[in-house]
Each structure stands twice: as C-alpha cells, then as structure tokens.
Number of protein chains: 2
Amino acid sequence: MKKRIGIVGAGAAGLHLGLYLRQHDIDVTVYTDRKPDDYSDLRLLNTVAHHAVTVQREEALGVNEWPSDQYGYFGHYYYVGTPQPMQFYGDLKEPSRAVDYRMYLPMLMRALEARGGKFSYDTVTADDLEALSEQYDLLVVCTGKFALGQLFDKQPENSPFEKPQRALCVGLFKGIKESQIRAVTMSFSPGQGELIEIPTLSFNGMVTALVLENHIGGDLEILANTKYDDDPQAFLSLLLDKLRKHHPSVAERIDPDEFDLANGSLDILQGGVVPVYRNGHAQLRNGRTIIGLGDVQATVDPVLGQGANMASYAAWVLGEEIVAQSVYDQRFCEHLERRRQDRVTCATRWTNFTLTALSQLPPAFVQFLQVLSQSREMADEFTDNFNYPERQWDYFSSPERIGNWCNKFAPDVAA
Amino acid sequence: MKKRIGIVGAGAAGLHLGLYLRQHDIDVTVYTDRKPDDYSDLRLLNTVAHHAVTVQREEALGVNEWPSDQYGYFGHYYYVGTPQPMQFYGDLKEPSRAVDYRMYLPMLMRALEARGGKFSYDTVTADDLEALSEQYDLLVVCTGKFALGQLFDKQPENSPFEKPQRALCVGLFKGIKESQIRAVTMSFSPGQGELIEIPTLSFNGMVTALVLENHIGGDLEILANTKYDDDPQAFLSLLLDKLRKHHPSVAERIDPDEFDLANGSLDILQGGVVPVYRNGHAQLRNGRTIIGLGDVQATVDPVLGQGANMASYAAWVLGEEIVAQSVYDQRFCEHLERRRQDRVTCATRWTNFTLTALSQLPPAFVQFLQVLSQSREMADEFTDNFNYPERQWDYFSSPERIGNWCNKFAPDVAA
Ligand SMILES: Cc1cc2nc3c(=O)[nH]c(=O)nc-3n(C[C@H](O)[C@H](O)[C@H](O)COP(=O)(O)OP(=O)(O)OC[C@H]3O[C@@H](n4cnc5c(N)ncnc54)[C@H](O)[C@@H]3O)c2cc1C
Ligand SMILES: Cc1cc2nc3c(=O)[nH]c(=O)nc-3n(C[C@H](O)[C@H](O)[C@H](O)COP(=O)(O)OP(=O)(O)OC[C@H]3O[C@@H](n4cnc5c(N)ncnc54)[C@H](O)[C@@H]3O)c2cc1C
C-alpha cells in the first residue's frame, strides 16, 4: 500500500518535501490557502537567495527552472562602515540564485501538481489537524512563521529574543547598477544597520533586492515606517539619502533618475521578524505525531539568508526518512531530528549571534571583521559557508573559536 | 603544538581511543590502576565478544592480533525452551571474535606504549580530576562501571532499572564440544534465564565461555550464589544439572569427565550488573569539560554483548572528533554526542528491552521469536544486527515496529 502524506502549507518547505515524495511514488496532498494564480498579485513575500546546496536539491527534484549560471550570483562584497571603512570580497564555490517567490512558488506548485501531487485550497486551523492527521500516515505542518507554530513547544535555549531585532524595509528596485562581479553586497553601518543587496530575478527580468536591516532606535528605523504609497518620490529620496549616508558602496551605483520599485508599489515589504526555535514534532490529543517544518520550526531574521535554505534542507531529510521508514513514531522523530537538527539549530544560532554581534560589536567580532577584511582566503571560506551554517557555528560559537579562526589567517594578514 | 589528551582508565574504551589518537600523532597519557603484567593473575573480568565492526576498528588500529578466520565464530544458534522448543540458526556476515580480556587488554597496553602512549599507574579519585584536567587539552574518563561514573548525570529516561536484572554466573570452561558451526549459542529458558555460550580464546587456546543470565527468584539463581571454591565438584554437578534442565542444547555437548573451569579457579565471575545511562560529558568546578566514555557513560547487562562494542565505537568517534576539532567545549560535545549517541542509546535500550521481554514474554515478542525461528533470512538479519544495535532498535522500539518486521517475513513462514 502506498504511503500517504499530508502537507499543510505550500511554501518552499512543503513544496520541496512534496516534490521529493512524489519522486518516490508517495501519495501527497498539500493543503494551502493560496492558488498558483494568486501569487502574481501579492505584495512582495520576501527576497530569498538559494545557496548552491539548495539549488542542487532543486536540480535533483527537476525544478531548477532558472539556472544559476544565467540568473545566479558569484560571491559577496562586504562593506564595513568603520571610521576607516573596510571593503572586501569573498567567492562562493558555486553560485547562489535569487528568484522572486511570487514566480518561484507557483512554478513549484504547478510542477508538483503535474507530478500527481493533490492540492486542497483552504485555510487550515489548529482544530482541523486531528481529523486531517487520521487521513494520512503522517501530517507535516509547514505554514510559515504566522500560522500554527504554537502547536510546537518553543525551545527557550534557542529562542533568545521576544521581539524583532531589526526594523525591516525590503524592496525590489530598478536603477541600481550591478557590481563588477554579479554578487550580493553586505553593507554594515555600525550602530545603524545592515543592507543586503541581492541580484534577483523578478517578473520582468533581473532587478535588485535591497534588504535594509535597520537597528531599532537608530537613524535608519524610519525606513521601516515610511510608506511608499503615501508619497513615492518622498520615500525614494529619503531612502537614497539614508543609503548615501550609511551604505555608500551600494548608493554609489544608484542612478537617481531610474531608481524606483521594480514592478510597482507591491514590491515593498516593511516590518519585523520575531526569531523563534521550536520542537520539530508534537503530539496531537488523538496521540498522532505531527512534524513541524520550515519557519514553523525555526524562524530567523533574514540578515544571513538562512530560512528557506534550511527549510529546504530539512524538507529533503524529512523526505528521505519518510521513504526509509514506515512507522512515524517517536523513533522516526529521533532519526529525523538527529539528521536535521545540527543545520537548523546552527543556522538559528549563527543568525541570532550575528544580529547581536552586529549591534553590540564585541571585541572578538571586530577582530574577526578586521582579519576577514585582510584575508581573501578567509573571506572565501566565510562566504561559501553561507551554504553550511553548522560550519559557521563551529567558528562563532565561542570567543575562543573565533580567535582560533582568526589566528589561522593572521599570518596572511601580517605578511 | 601537539594536542595533549589525558585518558583515565585502560579498558577497551581508553585503549582504543589512545591507539586512535597515537595514529594521529596526538600526545596521550593513560592513568590506570593496573599494569599489563597484573592481568594474568586476575579473576575473569568478563567474557567479551567483539563483533565485526569492532574487529574492523582493531584492524585499522593495527591490533587485530587474533584474526577472526582463526579464532572467530560465524553465527548464533538459538534455542527457546518453550513447550515445543524452537531451534534455529542465524549467520553473521563477518565473524565475531572473543578473547579473554586478561590477554587482550595487556596486549593493547603494550601496543599503545610501543607507539609512544605514556602510562601512569595509580588510582585516580574524583578529587584528582580538576588538577589533571588542567594538564591536558581534554580529559576523558573511562574507568568502567565501578569508578567515577557518578560525575556524569544519570539520564532517568534511559535508566529504567535501579538493580541488576539478572543473577550472573559466568565462567570459562573446558569439556564442551563445539557446535557444528563454530558459533555462539543463545539459549532462552522462559521464566528462568538465558545462557550465552561463546567460543573464546584464553591463555591455553580455545575454551567455552558460559554466561548464565539467571532470573532473580528462579530455579537458576542459585548458580550466582554457590561458590566453586567451596566445593568444585559440587558446583560443577549443580551446574551440569541445571544446564541439562534449562539449557539442553548446550548441556548435550558437555563431556562430564572433562567439564571444569578452563584455566583454574579464577575463571569464574558471579554477581550482577546495574544498567545505567549517563550524560557523556560533565563540567568540573574549574569550568573544564570532561568526557565520559564506555561503561562510565552506559553500562549494560551482558545479555546481548554490547558494552565493549559500543565503547569501542564511541572511542573511535571521540578520536575522530578530537582530531577534527581543536576547542573542546560545548560545541565539541554537541558534535560528539550527535555522532555516538544513536548507537550508544540504542544498544542500551535494546538491551534493557530484551531483559524485560525475556522475563515477561509479551505477545509481540513471542510472535517475534516464532517468526524468527521460521525465517532464516530474518534470523540472519537479527544476528548480523548485533553489530548495529540502532537497527535492532528500529525494529524493537514499539510493538507496531516489531509487528511490521514480522509481517515482512511472515510470507516465508507461511510458505
Ligand atoms: C525579507 C525576507 C528575506 C528573506 N531572505 C531569505 C534568504 O535570502 N534566504 C533564505 O533562505 N531565506 C530567506 N528568508 C526566509 C524565507 O522567506 C523563509 O524562511 C521561507 O520562505 C519559509 O518557508 P516555509 O515553507 O517554511 O513557509 P512559507 O514560505 O511562509 O509558506 C507557508 C505556506 O503555508 C500557507 N499557509 C499559511 N497559513 C496557512 C493556513 N492556516 N492554512 C493553509 N495554508 C496556510 C501559505 O500560503 C504558504 O503556502 C527571507 C525572509 C524575509 C521575510
Ligand atoms: C560477564 C560479562 C560479559 C560481557 N560480555 C560482553 C560482550 O560479549 N560484548 C561486549 O561488547 N561487552 C561485553 N561486556 C561488557 C564489557 O566488558 C564492558 O562494556 C567493557 O569492558 C567496558 O570497557 P571500559 O573500557 O568502559 O571499562 P573497563 O574495561 O572496566 O576498564 C576500566 C579501566 O579503568 C581502570 N580503572 C578503574 N578505576 C580506576 C581508578 N579509580 N583509577 C585508575 N584506573 C581505574 C581499570 O583498571 C581499567 O583499566 C561484558 C561484561 C561482563 C561483565
């Protein structure tokens, strides 16, 4: 008898899982509140870059629709706005790639449907889950950061914050010239905020995502509260002003006459993310075990671009374990957690650590930035490790580890 | 600078670790209370069979002194003394091998010393550990089931018992003819006890280890309390009597005229093991992290022959992590536990489960024995999985899983 899996939520987590399971001839039903045709009219959802590890999974799933050699980017430029600014570059071993999720998710949904995945379009509530769980061998909940997360217990030791750590202003823009190498730029304005610039494919071709991670109470916070729609020109000139002051390595590539939202007024998203880490499984009152996946399990601030990448990783591992096992009980969860946990917790901890380090600038972290700015080899490693958050955490989990990492590259710097 | 590791205890755990580290040019000092020359005069320590996974590690460490093709055994005979007795056999894919630890451990100690491992012969107390820990990059405690374990917190969820579950009577014997295939015999006398017969190399060649796992309060318990030294003939005839009654498939191969302890009166060991599972690391008052390894972390009853095998596995993983990392902190422990935990907890749980199942004989377990007795393929798998306790636990962790496993082989049985 075919295994039957129910998936609640059609984000990257649910769809990568569904596609994996269909490749293994497992019966899949996805419950979601949005149809593929709805997406093109939505406000910008996020600005997600997929690292090479995720692109490889897309390739294996047969959904690498926008190949990285054409649409991808090849490294990170870093700018640190200290009194004596530091500017440097690190390579990715394989390119990353960002596509507007308003194109990406419906593409995945159509692919999954074409491969026999069933879709049921409706809003699912917590009360529906018991009945749903009894229709499937396993029910997976991946409804993102807003819905149903509270079913899974929060892990306090991995959830240090109760509030958003940044006031976000995120948009897709035109009028920004590409850097010499097509790359992300990460610009750090000490005490004020970070800007992540991402070359992104949207409806009408390549555009530029700007993710402004503004410190709360700082000079840039206003960008999260000023509405584009109220007065587009006023918003754009305020933004340009702030970019020139705090993120000059991006501002200098902007053509003020062309600078605007790329497709229109829905291309901007403002607000904040509350980081949280939850248990990856829970038991319903009927005794059934349900699995939490993606943002439901671990929601991170977008500063390091980890959320969707770890969701896809966890979906793949969950898919493998569903195929390998046939009883979805406590022991099943043990296998699953043992395999996904290190990446998911480390992406979470590294992101949470970085949020704090970039606002408090402790000495070990400043030393790290200095050595990084001087050693291309270290910058390459740091950049490529965006694929492997657990390796970053091997370096960042204590001042001693950061120190050792720096010492390894200090000879380069001294030479 | 060379890494320096301190190891307290020179059992299989400490010595496999030491040998691994010396292969990687790491400085090793072993603290132990016994010299190599002491061992030949000791009472029998245990009757340890090394499964192929452990023999492969010995091969890699260059200490596979007694090769399995010559000294090993090739499978398990099973005898279940139900009213209609069940008798069957399962193959090991690669042979296991048992050597008297009074020969084995000094061989390892000499090998380690020859390769530059330092030895310090003294009894270490809990109070010594802080000072010791400061002399090394990392201190590993592997003093066996009697000493220093209480430094590591007990995990109640993996420690179901407060007392020994069997009254053990263990000895090395002569006068027992080998089975047709050189193999272990596992004989189960429902309600009374188990007997594990192991072809074993001792000082004067191949002998037979008998591990009598007598149920407390049953007809066989007396064997754990009757002293050989008080009256050797009386002991032997009592034993022969009980074997004939409860373990006939072994008794029938005994020549009463030859039957005796193999080397002399030190070849017998009586008592009981309290199973316990502890955290694998702890923090000393000076802030240093110490690692618990082998029986210190997990002590199991010998019924399934897992203790030394999992100790060796955990030693190897610890060795790899010591080589790979250089800061021995919380994150180090995370990597270590993630890698060793599944095998160690599953060996523990499978053993604890089996102790209870063999005395209470729940229906799912009886069904398992019945299907096992009828399906050679299943018996082969079960037997070879003594190498992989985590796979056994995939089958035994719930009645549903046992049932599924049985169903897989039921067609064989019906056919
Ligand atoms: C500005 C920004 C930038 C980001 N940048 C990156 C980046 O560069 N790299 C990266 O890896 N991550 C990034 N992220 C994070 C990433 O967007 C998320 O981690 C990822 O999209 C989560 O995927 P998911 O499948 O878990 O949830 P979602 O994508 O949120 O999907 C949830 C799904 O559930 C459906 N749903 C919700 N509620 C219900 C309900 N009650 N009933 C039925 N269906 C429901 C939704 O319609 C949707 O289909 C960014 C996030 C933001 C906000
Ligand atoms: C009857 C029996 C049969 C068994 N059969 C099997 C089997 O078939 N397969 C299997 O895998 N396992 C078996 N075991 C279990 C196995 O013997 C143990 O799991 C294994 O030997 C534990 O190794 P260890 O290195 O952790 O500890 P040990 O071998 O106990 O070594 C402890 C070391 O620490 C030293 N030491 C102790 N205290 C101090 C101190 N205070 N200071 C300094 N040094 C100290 C000791 O001298 C020794 O060198 C059996 C056990 C028994 C009792």
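Predicted, not measured: the structure shown is a model, and the values here were computed from it. (Residues numbered from 1 in each chain as written. Chains lettered and ligands numbered in written order. Predicted model: local features only at pLDDT ≥ 70, side-chain atom pairs only at ≥ 80, totals over all residues. Heavy atoms only, no water.)

Student: In this structure, what is going on with the site of ligand 1? I would like to understand it.
Tutor: All names here are of chain A. If you check the shell around ligand 1, you find 31 residues, and the closest are Asp 33, Val 124, Asp 295, Ala 308 and Asn 309. Residue Arg 34 places a side-chain N or O atom 3.5 Å away from an oxygen atom belonging to ligand 1. Measuring from an oxygen atom of ligand 1, one finds a side-chain N or O atom of Asp 295 at 2.6 Å. Elements represented by at least two residues in the shell around ligand 1 include exactly helix 1 (12-23), strand 2 (27-32) and helix 9 (307-324). Element by element, the count of residues in the shell around ligand 1 is highest for helix 9, at three residues. Grouping the amino acids of the shell around ligand 1 by side-chain chemistry returns 14 nonpolar, 13 polar and four charged. (Near = heavy atom within 4 Å. Polar contact = N/O pair within 3.5 Å; in protein donor to acceptor, adjacent residues only side chain to side chain. Helix = DSSP H or I, 4+ residues; strand = E, 2+ residues; numbered from the N terminus. Nonpolar A, V, L, I, M, F, W, Y, C, P; charged D, E, K, R; others polar.)

Student: I keep staring at the relation of the copies chain B and chain A and nothing clicks. Help me out?
Tutor: Here the two chain copies are tied together by a rotation about an axis and a shift along that axis. Placing chain B over chain A gives an RMSD of 0.0 Å and needs a rotation angle of 180 degrees, together with 0.1 Å of translation along the axis. Those values place the two copies in the arrangement expected of a two-fold rotation axis. Taking C-alpha positions as reference, the residue of chain B nearest the rotation axis is Arg 338 of chain B, located at 3.3 Å. The overlap is high: 100% of the interface residues of chain B also sit at the interface in chain A, so the same surface is used on both sides. (Least-squares fit on C-alpha atoms with pLDDT ≥ 70 in both. Contact = heavy atoms within 4.5 Å.)

Student: Help me understand the interface of chain B and chain A, please; the structure alone is not making it clear to me.
Tutor: When the parts of a complex come together, some accessible area is lost, and that lost area is often used as the size of the interface. Taken residue by residue, the interface counts 20 residues in chain B and 20 residues in chain A. Together chain B and chain A conceal approximately 1500 Å² of surface at their shared face, both sides included; 35% is due to carbon and sulfur atoms. Considering only the side of chain B, the residues that lose the most area to chain A are Val 327, Arg 331 and Arg 401 of chain B, jointly responsible for 39% of the buried surface there. In this structure, the connection of chain B to chain A is made through ten salt bridges. A salt bridge links Arg 331 of chain A to Asp 394 of chain B; the nearest nitrogen and oxygen atoms lie 2.8 Å apart. Within the residue set of the side of chain B that touches chain A, elements represented by two or more residues are helix 10 (330-360), helix 13 (389-396) and helix 14 (399-414) of chain B. Considering each element in turn, the side of chain B that touches chain A owes the most residues, eight residues, to helix 10 of chain B. Here the side of chain B that touches chain A is composed, by residue class, of four nonpolar, six polar and ten charged. (Buried area = accessible area lost by both parts, 1.4 Å probe. Salt bridge = Lys/Arg side-chain N within 4 Å of Asp/Glu carboxyl O.)

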